[in-house]
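Single-letter residue listing:
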Amino acid sequence: GDCTFLTFLRHDGTGARWLIGWSSKLLTQKSGATATTELAAHQRGLEARAMPISLFLEDLTGFEVPIRGNLDNAAAVSAIRHGYSAALRHLARHSRLSLTHLNSFYLAGANQLSYVKTGDNIADIYTKALSENLHWQFVTALHMWNSRLS
């Protein structure tokens, strides 16, 4: 699955983050590698939400609005950074994914690609079953719950 957040940061490092959209697609075929599913979800999220929102905000403000992609799969991050993977060369034929396209996207402008540890991937709250502790950790980090209200 994937999530798209809109994040505004002030110069002092504080800011706000809003969930714009999320998806968790049921796969119609078995994937032999989790990198394949991560890449598919990531490309879908970029094309369906992140890029259109970024372009809209750039047109509205006149400023570049960079996109930061976070993936919790090291093989997927490596494949994007290199623009090619022998193990994933089937992607273009079977999944209509382009590692070259993703690579050039992250090399352009201020866009960033980062690896995030699975236990730190806040987007997992929308796409995976989590332990109770991790669930509440992410709920708190997303400011979805306010202890003063309970």
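All of these numbers come straight from a predicted model, not from anything done at the bench.

What counts as what
Residues numbered from 1 in each chain as written. Predicted model: local features only at pLDDT ≥ 70, side-chain atom pairs only at ≥ 80, totals over all residues. Heavy atoms only, no water. Helix = DSSP H or I, 4+ residues; strand = E, 2+ residues; numbered from the N terminus. Buried < 20%, exposed > 50% of the residue type's maximum accessible area, 1.4 Å probe, protein only. Contact = heavy atoms within 4.5 Å. Areas by Shrake-Rupley, 256 points an atom, 1.4 Å probe, with all protein chains shown as cover. Expected span 1.5 Å × (residues − 1). Bend = angle between axes of the 7 residues up to and from the residue. Patch = residues over 30% accessible without salt bridge, like charges linked within 9 Å, V, L, I, M, F, W, Y side chains within 5 Å. Salt bridge = Lys/Arg side-chain N within 4 Å of Asp/Glu carboxyl O. Core = buried A, V, L, I, M, F, W, Y, C linked by side-chain atoms within 4.5 Å. pLDDT = per-residue confidence, 0-100. Axes fitted to C-alpha atoms, helices over the stretch in contact; angles between N-to-C directions. Parallel < 35°, antiparallel > 145°, perpendicular 65-115°, else oblique. Left-handed = near helix turned anticlockwise from the far one by under 90°. Nonpolar A, V, L, I, M, F, W, Y, C, P; charged D, E, K, R; others polar. Lys, Arg positive; Asp, Glu negative; His and termini not counted.

### Some thoughts on the overall build of the protein
When helices and strands are tallied, the protein shows 6 helices and 4 strands. For the protein, the α and β elements follow one another from N to C terminus as β-β-α-β-α-α-α-β-α-α. Counting every position in the protein, which comprises 150 residues, the buried fraction comes to 34%. When contacts within the protein are restricted to residue pairs at least 6 apart in sequence, those whose partners lie at least 24 apart make up 56%. As presented, the protein carries roughly 10000 Å² of accessible surface, and 56% of it is formed by carbon and sulfur atoms.

### Examining helix α1 (residues 34–61)
When the terminal C-alpha atoms of α1 are compared, their 38 Å separation across 28 residues agrees well with the 40 Å that a helix rising 1.5 Å per residue should span. Along α1, the largest kink reaches about 45 degrees and is centred on L46.

### Side note on a nonpolar patch on the surface
A grouping of F8, W18 and I20 is seen on the molecular surface, where their side chains present a nonpolar patch of about 300 Å² in accessible area. When you line up the elements, W18 lands in strand β2 (residues 15–23).

### A look at the pattern of salt bridges
It is possible for side chains bearing opposite charge to pair when their charged atoms get close. Using the criterion set out here, one finds 2 salt bridges in the structure. The closest approach of N and O atoms between K128 and D72, which form a salt bridge, is 3.3 Å. Of the two residues, K128 sits in the loop between α5 (124–127) and α6 (132–141) while D72 sits in the loop between β3 (68–71) and α2 (74–82), which places them 56 residues apart along the sequence. Its salt-bridge partner being D124, residue K128 comes within 3.3 Å of it at the nearest N-O pair. Owing to a relative accessible area of 4%, D124 belongs among the buried residues under this scheme.

### Considerations on the nonpolar core
Ranked by internal contacts, the top residues of the largest apolar core, which has 19 residues, are L39, L46, I80, L88 and L99. Secondary structure elements with two or more residues in this core: α1, α2 and α4 (99–107). In this structure, I122, I125, F138 and V139 belong to the second largest nonpolar core, which totals 6 residues.

### Observations regarding the confidence of the model for the protein
When pLDDT is averaged along the protein, the result is 81, and 89% of the positions lie at 70 or above. Model confidence for the protein, summarised as mean pLDDT per element, is weakest for helix α3 (residues 91–94) at 71 and strongest for α2 at 92.

### A few points about the packing of α1 against α2
Think of two packed helices as two axes; the pair is described by the angle between the axes and how far apart they sit. Where α1 contacts α2, the two axes come as close as 8 Å, and the packing angle between them is 60 degrees. Considering their axes alone, α1 and α2 lie oblique with respect to each other. Both α1 and α2 take part in a crossing whose hand is right-handed. Note on element contacts: α2 touches α1 through A75, A76 and I80, opposite A35, E38, L39 and H42. Each residue belonging to the contact of α1 with α2 can be placed in one class, and the counts come to 5 nonpolar, 1 polar and 1 charged.

### Regarding the packing of α2 against α4
It is the contact of α2 with α4, at a shortest axis distance of 7 Å, that shows an interaxial angle of 80 degrees. Judged by the angle between their axes, α2 and α4 are roughly perpendicular. Touching A79, I80, R81 and H82 of α2 are L99, L102, N103 and Y106, all from α4. Grouping the constituent residues of the contact of α2 with α4 by class yields 5 nonpolar, 2 polar and 1 charged.

### Overview of the side chain of E38
Considering the arrangement of structural elements, one finds E38 in helix α1. K128 provides the closest opposite charge to the buried, unpaired E38, separated from it by 4.4 Å. Contact partners of E38, with chain neighbours within four places excluded, come to L71, D72, N73, A76 and K128.

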